[in-house]
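Structural characterization, general
Read off the chains here:
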Amino acid sequence: MDLRFTPEEVAFREEVRTFIAENLPRETRERMRLGYRPKKQEIIDWMRILNRKGWAAFNWPQEYGGTGWSAIQRMIFLEENLAAPAPELLSFNITMIGPVLIQFGTQAQKDHFLPRAKNLDDWWCQGFSEPGAGSDLASLRTRAEKDGDHYVVNGQKIWTSTAHNADWCFCLVRTNPNAAKRQEGISFLLIDMKTPGVEVRPIISIDGSHHLNEVFFTDVRVPVENLVGEEHKGWSVAKYLLGNERTGIARLGSSKAAIRRSKEVAKEVRMKGRPLIEDQAFRTRVAQLEVDAKALEITQLRVVSAYAKAGGNKPDPVSSVLKVKGTELLQNSSELLMDVGGPQAMAVWQAELAAMANEPEIGPEWAPQMAPAYLMLRAASIYGGTNEIQKNILNKAVLGL
Amino acid sequence: MDFDLTEDQRLLTESVGRLLGDTYGFEQRKQLLKTPTGWSEALWAQYAELGLLGLPFSEDHGGFGGSAVDVMLLMQDFGKHLVLEPYLSTVVLGGTALRLAGSADQQDEILPGIAAGERRLAFAHYERQSRYDMTDVLTTARANAGGFVLEGAKATVLHGDSADTLIVSARTAGGRDDEAGLSLFLVDANTAGIARRGYTLRDGSRAAELSLSGVQVPREALLGQQDNALPIIRRVVEAGIAAGAAEVVGAMEAMQAMTLEYLKTRVQFGKAIGENQALQHRAAEMMIALEQGRSMAMLAAMMVDEPNDAERARNISMAKVGVGQAGRFVSQNAVQLHGGIGMTEEYAVGHYFRRVMVFEHLYGDTAYHLDLLADQVA
Ligand SMILES: Cc1cc2nc3c(=O)[nH]c(=O)nc-3n(C[C@H](O)[C@H](O)[C@H](O)COP(=O)(O)OP(=O)(O)OC[C@H]3O[C@@H](n4cnc5c(N)ncnc54)[C@H](O)[C@@H]3O)c2cc1C
Ligand SMILES: Cc1cc2nc3c(=O)[nH]c(=O)nc-3n(C[C@H](O)[C@H](O)[C@H](O)COP(=O)(O)OP(=O)(O)OC[C@H]3O[C@@H](n4cnc5c(N)ncnc54)[C@H](O)[C@@H]3O)c2cc1C
């Protein structure tokens with residue numbers, strides 16, 4: 001047992017860090033440092049820079065343009081990218097649809113979609129959840145009926161992140177409503193968002209942003225060649241997708257960036273007449289989060305190594321530990337950062353808009369995105385399987401309760 | 001000790017509940033948020049008619065002679081309905097400053113106007129650099145032949161954009177962080193040299209940044225003793241904490257009720273999600289937090305008029321901590337137990353969440369007041 005990184009791994013981290021430092025557009029870095037979420041074009045540009053370097057499909061096999069990195073290298077790469085902070089790789093493309101097509105896709109699907117996904121020529125979104133099917137995903141009702149060489153899709157998806165940016169949606173649809181088990185009548189379809197009958201309606205979230213959507217399907221005709229895997233067997237495709245790449249699930253780099261930022265801003269603000277950074281209670285709180293981050297880092301290394309040793313194809317239920325602790329740390333570190341900001345963090349404004357409109361700023365430039373980040377991260381324990389569901393998984397799959 | 005309400009208090013909460021029930025539906029409130037002022041003049045007039053705007057003032061000043069407990073009950077209702085009108089800034093903060101420090105003339109001139117709904121105040125004390133430090137005041141007031149000249153800036157002035165009268169703190173002596181040397185001034189918001197930038201806080205309520213350059217005010221503008229305003233400023237902030245704590249209790253009650261309803265009606269895996277013991281326990285924990293928070297809001301209301309300064313400040317700090325922690329727990333879990341729907345602007349839980357969040361970051365957050373209390377551990 002050796003918890004230290006090998007010299008090769010240390011060198012790899014240095015290589016990644018240097019590449020990001022030298023290639024991340026300055027404006028993107030500066031916006032993200034202040035907590036702004038990257039714009040659509042910034043995400044596309046960064047993905048393409050990484051793709052030119054050969055790193056965008058960091059987790060795909062080399063024959064499909066992947067990197068061939070070890071699990072540890074993949075983890076290091078993701079962490080460095082988040083901690084920079086640089087735009088996250090679009091997970092719908094890279095950790096979801098890519099691996100799914102590699103595993104289940106036809107040759108034609110692979111040839112067409114994989115290079116485009118990797119270069120973000122197509123922006124993908126995930127059409128799983130429905131109003132009646134959240135935690136209980138298998139109760140989904142969106143119907144797809146065969147009509148010659150098409151499926152005709154009717155129904156509704158909800159919470160579809162970035163559907164308004166998307167070119168394509170991978171969807172779970174019900175092809176056999178009469179199957180003995182609910183899971184057995186579901187299929188996995190690729191739907192072009194420009195098809196007539198697809199309607200996207202925005203949902204504004206409590207941070208004030210437009211990230212979520214409802215997607216309505218009315219007689220949407222989808223060619224049968226857009227079926228992935230076997231008809232009625234979409235549930236196993238979905239399970240593969242959800243269990244596939246757990247390396248990034250803890251998003252540790254983001255938490256580290258927020259903790260680091262808290263310390264920076266704490267030098268600028270006051271607590272009882274002294275810089276906040278000198279306040280013992282504040283320091284204790286930071287120390288606690290750093291302990292949590294360290295424990296998570298080691299646990300993550302253990303899960304990732306075990307996954308790699310097991311051949312890297314069977315999801316490990318212990319990754320639910322990473323989801324629970326990772327999202328708690330994300331939430332706690334965003335909460336810390338907002339608390340550092342204090343009253344200044346409560347105003348609704350945007351430094352960049354103020355600058356454009358030549359208006360005076362309402363507060364310091366570090367302030368405006370603190371509360372939105374905190375608010376949006378309340379969702380981290382909801383999406384990707386709620387933390388309650390993660391604990392149910394641990395109870396059933398690990399503890400035998 | 002007596003936790004029962006008087007007949008008058010029951011009548012008060014009933015009539016307020018009726019008015020807000022009719023006027024403060026979620027959709028009605030959303031329309032209000034879209035207006036330029038962000039609140040309703042018409043409702044303000046109705047509050048005046050009901051006697052709410054003079055609730056804590058003496059009958060001589062057109063008031064009701066109400067107690068801090070009366071204000072607490074009202075603020076609980078305001079919290080339950082997420083009321084947007086400038087009650088806290090005008091009646092609680094402004095009213096407290098005038099009641100405690102105003103001369104007879106100043107009180108006669110302003111309090112009846114507040115009670116009648118004709119005047120609105122804002123308390124302009126904290127500054128951009130001060131965060132929660134009450135003595136960190138850089139704004140100055142220099143005496144001259146005409147009275148005083150104010151120079152400086154004020155931050156996060158609640159409802160500072162719509163107030164007609166500002167209560168501004170400034171240094172007449174001493175330097176940053178000195179306890180002595182602070183004074184309060186009653187300033188007409190339209191005085192030359194005052195620039196106000198109004199904006200919205202995360203909970204939809206309004207605030208303003210003020211800049212003061214060469215603002216000439218007469219000698220009579222001085223509110224209370226020159227150089228010795230800190231005790232008054234403290235009491236104004238404490239009154240704000242007590243009232244805000246009650247608002248948070250109202251908001252917690254609303255979130256708790258919505259969450260319980262959701263647990264009973266939302267079906268996943270073929271049964272109501274509330275049948276899962278994990279969620280039943282969470283609901284019980286929310287209730288426990290709410291009750292603890294309610295106790296602390298009561299403590300604040302009962303302590304706000306306590307004459308012993310140290311005793312009062314200590315208890316108010318405890319209440320701010322207790323309500324802050326309860327509010328955070330209840331609101332975070334209310335969102336969590338609603339799943340995705342709790343994250344949306346179209347659903348009320350998130351609005352309550354942000355009201356609680358904003359109050360937690362006014363007048364000293366949980367960590368700040370815990371620090372104050374820790375200093376006193378003997
Ligand atoms: C910001 C955000 C982005 C999202 N992006 C996408 C996306 O791109 N594509 C997509 O398909 N979906 C997306 N989702 C949807 C997400 O996957 C669901 O919100 C999630 O699965 C929970 O479902 P729900 O919201 O219906 O909550 P519900 O399932 O109704 O849960 C409500 C509450 O009950 C609890 N609960 C439910 N069942 C149990 C149980 N058996 N035991 C204990 N507790 C239980 C939950 O933990 C939760 O606290 C997103 C959601 C959010 C908030
Ligand atoms: C110091 C001490 C003094 C005591 N004094 C007295 C006394 O004077 N008179 C007397 O009659 N008894 C007394 N008791 C006994 C006490 O009432 C029991 O210990 C208690 O009721 C729990 O029962 P148990 O120990 O059998 O644990 P169990 O009931 O077997 O419980 C074991 C665990 O399971 C949990 N659990 C059980 N059922 C559920 C459920 N439905 N949902 C969720 N969790 C559940 C419990 O909370 C506990 O954590 C005493 C116990 C102690 C430790």
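Quick caveat, the model's predicted, so the values are computed rather than measured.

**Section: the overall build of chain B**
Along its length, chain B carries 11 helices and 10 strands. Taking all 378 residues of chain B together, 61% fall into the buried category. Contacts in chain B between residues far apart in sequence, at least 24 positions, make up 73% of those at least 6 positions apart. For chain B, the accessible area works out to roughly 14,400 Å², and carbon and sulfur atoms hold 53% of it.

**Thoughts on the overall build of chain A**
Helix and strand counts for chain A stand at 13 helices and 10 strands. Rg of the C-alpha trace for chain A: 22 Å, near the compact-globule value of 21 Å for 401 residues, within the 12% margin. Its C-alpha atoms give chain A principal-axis dimensions of roughly 75 × 55 × 45 Å. Looking at chain A as a whole, 54% of its 401 residues are labelled buried. Restricting the contact set of chain A to residue pairs at least 6 apart, pairs at least 24 apart contribute 72%. Accessible surface, chain A as shown: approximately 17,400 Å² in total, 52% of it carbon and sulfur. Computing the positive centroid from 50 side-chain charges and the negative centroid from 49, chain A places the two 4 Å apart.

**Some details on the domain arrangement of chain A**
Residues and elements named next belong to chain A. Taken domain by domain, chain A consists of domain 1 (7-89), domain 2 (124-242) and domain 3 (246-398). Distance between the C-alpha centres of domain 2 and domain 3: 31 Å. Contact residues are listed per partner, giving 6 residues for domain 2 and 6 residues for domain 3. Across the domain 2/domain 3 interface, buried area totals approximately 550 Å², and carbon plus sulfur atoms make up 66% of it.

**Quick look at a negative patch on the surface**
Residues Glu59(B), Asp60(B), Asp105(B) and Asp108(B) make up a contiguous surface patch of negative charge. Structurally, Glu59(B) can be placed in the loop between helix H3 (41-50) and helix H4 (68-81).

**Concerning the interface of chain B and chain A**
Chain B puts 45 residues into the contact, and the matching count from chain A is 53 residues. Both faces considered, chain B and chain A share a buried interface measuring about 4,200 Å² in area, 53% of it formed by carbon and sulfur atoms. Among the residues of chain B in contact with chain A, Arg131(B), Arg202(B) and Met343(B) are the three that bury the most area, contributing 20% of the side total. Here chain B and chain A share 8 salt bridges between them. A salt bridge links Asp136(B) to Arg270(A); its shortest N-O distance comes to 3.0 Å. Taken together, the links from chain B to chain A amount to 32 residue pairs in polar contact (both at pLDDT 80 or more). Elements with a minimum of two residues in the side of chain B that touches chain A: strand S6 (194-200), helix H8 (277-303), helix H9 (309-338), helix H10 (348-360) and helix H11 (366-375) of chain B. Across the side of chain B that touches chain A, the residue classes tally to 15 nonpolar, 13 polar and 17 charged.

**Observations concerning the state of the cysteines**
Residue and element names in this part refer to chain A. Taken as a whole and judged by the stated rule, the model has 0 disulfides over all chains. Here Cys 125 is not cross-linked by a disulfide; its sulfur's nearest cysteine counterpart is in Cys 169, at 3.7 Å. Of the cysteine sulfurs around Cys 169, a residue in no disulfide, the closest is that of Cys 171, at 3.5 Å. With relative accessibility at 1%, the residue Cys 169 sits in the buried group.

**Observations concerning the nonpolar core**
Where a protein is soluble and globular, its nonpolar side chains tend to be buried together. Counting 144 residues, the largest nonpolar core has Tyr47(B), Tyr87(B) and Tyr363(B) as its most contacted members. Sort the elements by how many residues they give to this core and helix H7 (residues 230-265) of chain B lands first, with 19 residues. Once residues within four sequence positions are removed from consideration, Tyr47(B) is found in contact with Leu19(B), Leu20(B), Tyr24(B), Leu52(B), Leu53(B), Phe78(B), Val83(B) and Glu85(B). Counting residues in hydrophobic clusters, the runner-up holds 75 residues, among them Leu114(A), Leu120(A), Leu140(A) and Val198(A).

**Some words on the packing of aromatic side chains**
In this description, a pair of aromatic rings is defined by centroid distance and the angle of the planes. Residues and elements named next belong to chain A. Tallied over the full model, the rule gives 22 aromatic pairs over all chains. With a centroid separation of 4.9 Å and an interplanar angle of 75°, the aromatic rings of Phe 113 and Trp 168 are classed as edge-to-face. Of this pair, Phe 113 sits in helix H6 (residues 107-118) while Trp 168 is found in strand S4 (residues 168-174), placing the two residues 55 residues apart along the sequence. The residues Phe 113 and Trp 168 share a single accessibility class, namely buried. Aromatic ring contacts, followed pair by pair, group Phe 12, Phe 19, Trp 55, Phe 58, Trp 69 and Phe 77 into a single cluster. The ring of Phe 5 has Arg 13 lying over it, and the distance from NZ or CZ to the ring centre is 5.2 Å.

**Focus on the domain arrangement of chain B**
Residues and elements named next belong to chain B. According to the domain assignment, chain B contains domain 1 (7-119), domain 2 (122-227) and domain 3 (231-375). Look at where the C-alpha atoms of domain 1 and domain 2 centre, and you get two points 23 Å apart. In this complex, domain 1 contributes 20 residues to the contact, which on the side of domain 2 involves 18 residues. Taking both partners together, domain 1 and domain 2 bury about 1,300 Å²; carbon and sulfur atoms supply 63% of that area. On the domain 1 side of the contact with domain 2, Ser 89, Gln 106 and Arg 119 bury the most area, a combined 29% of that side's loss. Applying the counting rule to domain 1 against domain 2 returns 1 salt bridge. Here Arg 119 ties to Asp 164 by a salt bridge, and the two come within 3.7 Å at their closest N and O atoms. Residue assignment for the side of domain 1 that touches domain 2 shows that the elements contributing at least two residues are helix H2 (26-34), helix H5 (87-101) and helix H6 (104-115). It is H5 that contributes the most residues to the side of domain 1 that touches domain 2, 7 residues altogether.

**As for helix H4 (residues 71-83) of chain A**
It helps to recall that an α-helix has 3.6 residues per turn; residues three or four apart then point in one direction. All names here are of chain A. Here H4 spans 18 Å end to end across 13 residues, near enough to the 18 Å set by a 1.5 Å rise per residue. The buried fraction of H4 amounts to 12 of the 13 residues, a majority that puts the element mostly inside the structure. When we look at burial in H4, the residues that qualify are Ala 71, Ile 72, Arg 74, Met 75, Ile 76, Phe 77, Leu 78, Glu 79, Glu 80, Asn 81, Leu 82 and Ala 83. On its buried side, H4 packs onto helix H1 (7-23), helix H3 (40-53), helix H8 (252-266) and helix H9 (280-309).

**Notes on the pairing of strand S7 (residues 206-217) of chain B**
Residues and elements named next belong to chain B. The pairing of strand S3 (residues 147-158) with S7 spans 8 bridges and is antiparallel. Directly across from Leu 158, in S7, lies its bridge partner Ala 207. Judged from the 7 bridges that link them, S6 and S7 form a sheet pairing that is antiparallel. Each bridged residue has a counterpart across the sheet, and for Gly 198 the counterpart in S7 is Ala 208. The turn linking S6 back onto S7 is made up of 5 residues, and Gly 204 within it adopts a positive phi angle of 90°.

**Re the packing of H8(B) against H9(B)**
Residue and element names in this part refer to chain B. Close contact between H8 and H9 brings their axes to 8 Å; oriented N to C, the two are set at 155°. As judged from the angle between their axes, H8 and H9 are roughly antiparallel. The handedness of the crossing between H8 and H9 is left-handed.

**Details of the site of ligand 1**
Contacts to ligand 1 come from 28 residues, most closely from Ser135(A), Trp159(A), Ser161(A), Thr386(A) and Arg266(B). More than one chain reaches ligand 1: its neighbouring residues belong to chains A and B. Ser135(A) has a polar side-chain atom sitting 2.6 Å from an oxygen atom of ligand 1. Contact between ligand 1 and Asn392(A): a nitrogen atom at 3.1 Å from a side-chain N or O atom of the residue. Computed on the free molecule, ligand 1 has an accessible area of 960 Å², of which 94% lies beneath the protein chains in the complex. Elements with a contribution of two residues or more to the shell around ligand 1: helix H13 (387-398) of chain A together with H9 of chain B. Looking at the shell around ligand 1, the element that brings in the most residues is H13(A), giving 3 residues. Split into classes, the residues belonging to the shell around ligand 1 amount to 13 nonpolar, 13 polar and 2 charged.

**A look at the environment of Glu328(A)**
With respect to the helices and strands, the residue Glu328(A) is situated in helix H10 (residues 319-341). Through-space distance from the C-alpha of Glu328(A) to that of Glu297(A) is 14 Å; in sequence the pair is 31 residues apart.

Parameters at a glance
Residues numbered from 1 in each chain as written. Chains lettered and ligands numbered in written order. Predicted model: local features only at pLDDT ≥ 70, side-chain atom pairs only at ≥ 80, totals over all residues. Heavy atoms only, no water. Helix = DSSP H or I, 4+ residues; strand = E, 2+ residues; numbered from the N terminus. Buried < 20%, exposed > 50% of the residue type's maximum accessible area, 1.4 Å probe, protein only. Contact = heavy atoms within 4.5 Å. Areas by Shrake-Rupley, 256 points an atom, 1.4 Å probe, with all protein chains shown as cover. Rg over C-alpha atoms; globule rule 2.2 N^0.38 Å. Lys, Arg positive; Asp, Glu negative; His and termini not counted. Charge placed at Lys NZ, Arg CZ, Asp CG, Glu CD. Domains from an automatic or database assignment. Buried area = accessible area lost by both parts, 1.4 Å probe. Patch = residues over 30% accessible without salt bridge, like charges linked within 9 Å, V, L, I, M, F, W, Y side chains within 5 Å. Salt bridge = Lys/Arg side-chain N within 4 Å of Asp/Glu carboxyl O. Polar contact = N/O pair within 3.5 Å; in protein donor to acceptor, adjacent residues only side chain to side chain. Nonpolar A, V, L, I, M, F, W, Y, C, P; charged D, E, K, R; others polar. Disulfide = S-S within 2.5 Å. Core = buried A, V, L, I, M, F, W, Y, C linked by side-chain atoms within 4.5 Å. Phe/Tyr/Trp six-rings, centres within 6.5 Å; stacked < 30°, edge-to-face > 60°. Lys NZ or Arg CZ within 6 Å of the ring centre and 35° of its normal. Expected span 1.5 Å × (residues − 1). Pairing = 2+ DSSP bridges. Axes fitted to C-alpha atoms, helices over the stretch in contact; angles between N-to-C directions. Parallel < 35°, antiparallel > 145°, perpendicular 65-115°, else oblique. Left-handed = near helix turned anticlockwise from the far one by under 90°. Near = heavy atom within 4 Å.

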